[in-house]
Amino acid sequence: MKLKLHVWRQKGPNAPGKMETYDADHVSPDQSFLEMLDEVNEVLVKEGKDPIAFDHDCREGICGMCSQVINGVPHGGQDRTTVCQLHMRSFKDGDEIFIEPWKARAFPVIKDLAVDRGAYDRIIQAGGYTSCHTGGVSDGNAILIGKDAADYAMDAAECIGCGACAASCPNSSAMLFTSAKVAQLAVLPQGAVEAKRRVNAMLEEAQACGFGNCTNHYECQAACPKGINVKFIAKLNREYIKALLP
Amino acid sequence: MILDGKCPKGPIETSWDRHRFETKLVNPANKRKYKVLVVGTGLAGGAAAATLGELGYQVEAFCYQDSARRAHSIAAQGGINAAKNYPNDGDSIYRLFYDTIKGGDFRAREADVWRLAQVSNNIIDQCVAQGVPFARDYAGYLDNRSFGGAQVSRTFYARGQTGQQLLLGAYSALSRQVKAGTVKLYVRREMLDLVVVDGVARGITCRNLCTGEIESYWGDAVVLATGGYVNVFYLSTNAMGCSVTATWKAAKKGAFFANPCYTQIHPTCIPQTGEHQSKLTLMSESLRNDGRCWVPKKKEDCDKFPNDIAEEDRDYYLERKYPSFGNLAPRDIASRAAKEQCDDDRGVGPGKRGVYLDFSTAINRVGEDTIAERYGNLFEMYEKITDENGYKRPMRIYPAPHYSMGGLWVDYNCMSNVPGLFVLGEANFSVHGANRLGASALMQGLADGYFVIPYTIAGYLATVKPGAIKADHAEFKKSAEDVKAEINKMLSINGKKTPAQLHRELGKIMWNNVGMARSRESLNEALKVIPQIREEFWNNVKITGSGEEFNQQLENAGRLADFLEFGELLAKDALVREESCGGHFRTEHQYEDGEAKRDDENFCYVAAWEFKGAGKEPELHKEPLKFDNVHLAVRSYK
Amino acid sequence: MQVTQSSVGRKIIMAVTGAMLIAFICVHLLGNLSVFAGSAAINAYAQKLHSLGPVVWIFRLVMLGVFAIHIIFGIQLTIENKAATPDKNVQIKRLKTGFAAETMVVSGLVLLAFVVYHLLHFTVRVTNPEIYVPIEGGHGMVDVFVMVTQGFQQLFAVLLYVIGMGFLFLHVSHGFQSMFQTYGLSNDRTLPVMVNVSKLVGVVLLAGYASIPLLIILGIVR
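Because the structure is a prediction, the values reported are computed rather than measured.

Time to look at the overall build of chain B. Within chain B, the secondary structure is distributed over 18 helices and 19 strands. Taking 638 residues into account, the globule formula puts the C-alpha radius of gyration at 26 Å, and chain B, at 24 Å, falls close to it. Across its three principal directions, the C-alpha atoms of chain B cover 75 × 60 × 50 Å. For chain B, the proportion of its 638 residues judged to be buried stands at 62%.

What follows deals with the packing of helix α4 (residues 93-103) of chain B against helix α5 (residues 110-129) of chain B. All names here are of chain B. Remark: α4 packs on α5, axes separated minimally by 9 Å, with the N-to-C direction vectors making an angle of 135 degrees. Taken together, the axis directions place α4 and α5 in an arrangement best described as oblique. The two elements α4 and α5 meet at a crossing, and its hand is right-handed. The segment α4 lies against α5, with Ile93, Leu96, Phe97, Thr100 and Ile101 engaging Glu110, Val113, Trp114, Leu116, Ala117, Gln118 and Ser120. Looking at the contact of α4 with α5, its residues break down into eight nonpolar, three polar and one charged.

With that settled, consider the interface of chain A and chain C. Opposite the 43 residues of chain A that make contact, chain C presents 38 residues. Broken down by secondary-structure element, the contributors of at least two residues to the side of chain A that touches chain C are β5 (96-101), α7 (195-208), α8 (219-223) and α9 (231-244) of chain A. Sort the elements by how many residues they give to the side of chain A that touches chain C and α9 of chain A lands first, with nine residues. Here the residues of the side of chain A that touches chain C sort into 19 nonpolar, 16 polar and eight charged.

This paragraph deals with the interface of chain B and chain A. One widely used convention gives an interface's size as the accessible area the parts lose upon coming together. Between chain B and chain A, the residue contacts involve 64 residues of the former and 66 residues of the latter. Contributing elements (two or more residues each) for the side of chain B that touches chain A: α3 (43-55), α5, α6 (162-180), α12 (368-386) and α17 (552-576) of chain B. In terms of residue class, the side of chain B that touches chain A is made up of 24 nonpolar, 26 polar and 14 charged.

The periodicity of an α-helix, 3.6 residues per turn, causes residues three or four places apart in sequence to face the same way. An ideal rise of 1.5 Å per residue puts 18 Å on 13 residues; helix α5 (residues 175-187) of chain A measures up with 18 Å between its terminal C-alpha atoms. Across the 13 residues of α5 of chain A, 13 count as buried, placing the element largely inside the fold.

Our next topic: the arrangement of the chains. For the two pairs of chains in contact, the largest share of contacts goes to chains A and B. The least C-alpha distance between chain B and chain C, which are not in contact, is 19 Å.

Take the sheet that holds strand β5 (residues 183-186) of chain B next. Residues and elements named next belong to chain B. Read across the sheet, five strands follow the order β5-β2-β1-β9-β17 without closing on themselves; strand pairing throughout is parallel. Of all strands in the sheet, those with a lone pairing partner are β5 and β17 (421-423), marking the two edges. Direction aside, the axes of adjacent strands within the sheet are offset by 20 degrees on average. Strand direction decides the pairing type here: strand β2 (residues 58-62) and β5, joined by four bridges, are parallel. In the strand pairing of β5, phenylalanine 62 is matched with tyrosine 186.

Let us now look at the sheet that holds β5 of chain A. All names here are of chain A. Strand order in the open sheet formed by five strands is β2-β1-β5-β3-β4, and the pairing between neighbours is mixed. Whereas interior strands pair on both sides, the edge strands pair on one side only; in this sheet they are β2 (17-24) and β4 (73-74). Of the pairings in the sheet, the one linking strand β1 (residues 3-10) to β2 comprises eight bridges and is antiparallel in character. Along β2, the bridge assignment pairs glutamine 10 with glycine 17.

So, on to the domain arrangement of chain B. Residue and element names in this part refer to chain B. By the assigned domains, chain B splits into domain 1 (265-400) and domain 2 (481-619). Domain 1 puts seven residues into the contact, and the matching count from domain 2 is seven residues. For the side of domain 1 that touches domain 2, the leading source of residues is helix α10 (residues 331-343), giving five residues. When the residues that make up the side of domain 1 that touches domain 2 are grouped by side-chain class, the tally is two nonpolar, one polar and four charged.

Residues and elements named next belong to chain A. Per the domain assignment, the segments making up chain A are domain 1 (3-111) and domain 2 (117-244). Centre-to-centre separation of domain 1 and domain 2, based on C-alpha positions: 29 Å. Each side of the interface is counted separately: domain 1 has 18 residues, and domain 2 has 18 residues. Of the residues contributing to the side of domain 1 that touches domain 2, the split by class is nine nonpolar, six polar and three charged.

Residues and elements named next belong to chain B. Alternating residues of strand β9 (residues 221-224) divide into Ala221 and Val223 and Val222 and Leu224, and every residue in both groups is buried. Note: β9 against β17, three bridges, orientation parallel. Within β17, the residue paired with valine 222 across the bridge is leucine 421.

Relative to the helices and strands, phenylalanine 379 of chain B is located in helix α12. Sequence separation between phenylalanine 379 of chain B and leucine 287 of chain B is 92 residues, and the spatial gap between their C-alpha atoms is 9.8 Å.

Further remarks concern the environment of valine 348 of chain B. All names here are of chain B. Within the secondary structure, valine 348 is located in the loop between α10 and β14 (355-358). Judged by the 26 C-beta atoms lying within 10 Å of it, valine 348 is buried. Valine 348 sits 48 residues away from arginine 396 along the chain, and the two C-alpha atoms are 7.5 Å apart.

Time to look at the nonpolar core. All names here are of chain B. Ranked by internal contacts, the top residues of the largest apolar core, which has 338 residues, are Val223, Leu224, Leu408 and Leu421. For this core, the element with the highest residue contribution is helix α13 (residues 441-461), accounting for 13 residues. Apart from residues no more than four positions distant in its own chain, leucine 421 is found in contact with Leu194, Ala201, Val222, Leu224, Ala250, Ala255, Met415 and Ser416.

Reading the values: the criteria
Residues numbered from 1 in each chain as written. Chains lettered and ligands numbered in written order. Predicted model: local features only at pLDDT ≥ 70, side-chain atom pairs only at ≥ 80, totals over all residues. Helix = DSSP H or I, 4+ residues; strand = E, 2+ residues; numbered from the N terminus. Rg over C-alpha atoms; globule rule 2.2 N^0.38 Å. Buried ≥ 20, exposed ≤ 12 C-beta atoms within 10 Å, placed from the backbone. Axes fitted to C-alpha atoms, helices over the stretch in contact; angles between N-to-C directions. Parallel < 35°, antiparallel > 145°, perpendicular 65-115°, else oblique. Left-handed = near helix turned anticlockwise from the far one by under 90°. Contact = placed C-beta atoms within 7 Å. Nonpolar A, V, L, I, M, F, W, Y, C, P; charged D, E, K, R; others polar. Expected span 1.5 Å × (residues − 1). Pairing = 2+ DSSP bridges. Domains from an automatic or database assignment. Core = buried A, V, L, I, M, F, W, Y, C linked by C-beta atoms within 7 Å.

The following block contains the structure:
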């Protein structure tokens, strides 16, 4: 099939960007979205033009590196699907596709579709861990964890840190990302010990990074390729209130 | 040269404990004077950087991705082994040790494997303490599943995302150290050279992938944890950025490359659909716990809808050939069996390169919900890629390059033959022999990072003066200039073919001639063609843009250039190893029933290759392998 | 970090003040509905409130403060949120959020304007002098029933009230469920229910408040 692509091109962090149009003429429905972009780039390179820069790595939906807004939705809006797992069979011949980078103050563009997501690392560095030392910990079965708690923690821990939550948020809020880690660790006995300190530290860092505030649009959950639930944001709020209490 | 692995002598049960005691320590006040560079932030690198930082060393960690959390360890699905024996089914450290040695087809060092089995239990405890949400039963205890190559349930898992959860555990520990200021993290940096001064590793040269700047970093020790090289096959289950570059650059600076021909072809991957494909997707081997592999008995049934093929017309070939292990036969065996069926024209799906993995028996036994709970995400992933529902019809699978058992040669201390250069995880060759068992890669990465390197690196650092050579040394300048010169050379070619095109050509040769089955002819053919592709690369590659910017074509070209040199070594190693063992199968060396025929008399050694220049004959060094605790025997899973 | 500076802290302040405002709106509606019971009932209600003297004033000041806090933080958060997204994508498609949630600051500011008008209209009583008629034996008190029924004879006023209440619906339909999420009281089972309950609350308030001017101008209540 043939497609028309409108792609955000931006030379560097401080350069102005604009949309440019490209044709993708030999697209197979079995191709993944990024393989389609690969082919467009192959053509560009052969013509001596600058290929489209885009982040990608594992191409199996787990590393969280791919990060493109497709037709106005981060990762393209297919349920629980990263761009790398989006296949061209979900498009039709003759479709026009808009491809843009994450846009948020906290995610500055590096080039074209690649952005700097260091802010998410800084949020984790602020407290997204248990402060345990290597070695000298107790046996894995010494503290029992109910299946419900383990499953709840796992639901939250599935986050791949891709940034789609902040990119989809009308306020560019990183609350879903932050809450997933806060909730995962708060519900486990190993993490509950420092839950109060953690929730405050991570929230402060998210704010310092320049993310907006959560106003409960729930857009993040809809865009999240792992289906992280906004119930974790409620949990974060609860943890915040708990931390306020003596 | 005969290499010495420097393994502790005496009874193996106490070997690691004695070695730890005998290894020198660095006193706490001195630790902060030493700087350690850790390249790669996957399970091995992330765990090592976090632990060394916590111990008080100054650590600088590097990764090519935009965050330490994205290393390809994240894609491991199935689980991590440990000899906890929680299910009371007869597991022990000795059994894990034995299974790993046997699984590796007797081509690994006993002492290294023993240590791995011994610390496996600590890993689980460590991860639980970090908040890794392992699966638990209703009583709140850790749950186990079984995995290929083992008859006990010793695999711990976190749904189908165990690698992700373990990596996030290591990443969180690393993040904690970054916050504490003990670790400095450099993301989007690719190591392009190892700086060696007077035969000792003293630092690295990196390219800043955002700005293109060539940067020098000095350290009192360099730790490489940069993963495997199976992207040499172009199509593999590795991430797009995985490459041999870091380890190959080290090899070019004198580190020996061991057993490059030991590559693992994973049996349960989604078959290729066409030429456009950029990578293959793996589905956890744990699927084989409940899935049954089969192909039609009759060629004419291959195009039929699988559910319409009668039970008696199906050939459950693994159950037929290996009654005691059945569908849980080790990876190399399962992969080769799938290839045999397809070579027999009984493959299914596009191009007839696929076999069925059927869950209907398991669904009838335990219900679809239970299967969904165990593997839900894998079924989802399968459907996304193939548009087929694995609950309703059998999945189609085919083997794909997945893991490299070979890697830089290291001694028992994980130090290469270049003093000061340590190599961890998949990047080294040490514990998996000629074949890795499922759920062992995560175990090795974390064992090396959390529990081995913190001890062994001290033994080395205690013998060197901290900060003796820094980035202002002439060698650093020379290294940076060499790197720049190579980049400029590549950019100036301005030929006709893109790096991806040439990589595909290399991949085809590697897969067809140096893949699942290798012969003298196919290897000689590869050894003839690879230099031709390399030649074409250096004369006809086209890279747009400059070196002073974010330039992904240039990154790919650089990685390909290294694969083009390395691929030749891989083929050469495969040619020299005139036996079949584990993942290395030479068609000339097989029993009548098609099983691999090992030659312990002549090849019970580690082949460590010394690079002598591109296109020049590398030199082979051998480290003989001794088996005092497990008796060399024909590996049988029947 | 102070609650008044924290992202979630201020969200909770919004939720607490929002809850107080909704509670006030509900009580106010119940009082107002007494207009349907006739002149005596609503005037008795007005007199009862009047007789509370300083308590009413304290209550009014508190509500004013709550209202002010809700507005100030609402505006501050909105400004921050806009600043967090300096450039927007050329194409934006929203999957979940809706008009109400995206226009909270607009509906809020419209409500502020409405409240100002409403206070001038019925509390300070400066907009329509002709409708403020003293009640018999009421020691100078205005006949509230007359004021309301006369006041809503004008199409302009009725329109303003109905439109104002339309914005109240929008604001509450997002705000009510949002409050529960902010208190941390929702989960994946309750949230979808609360989203609908929230709309229902908005509809009830809209219907309750808009019924007064509409029924009056239609001549059903006189």
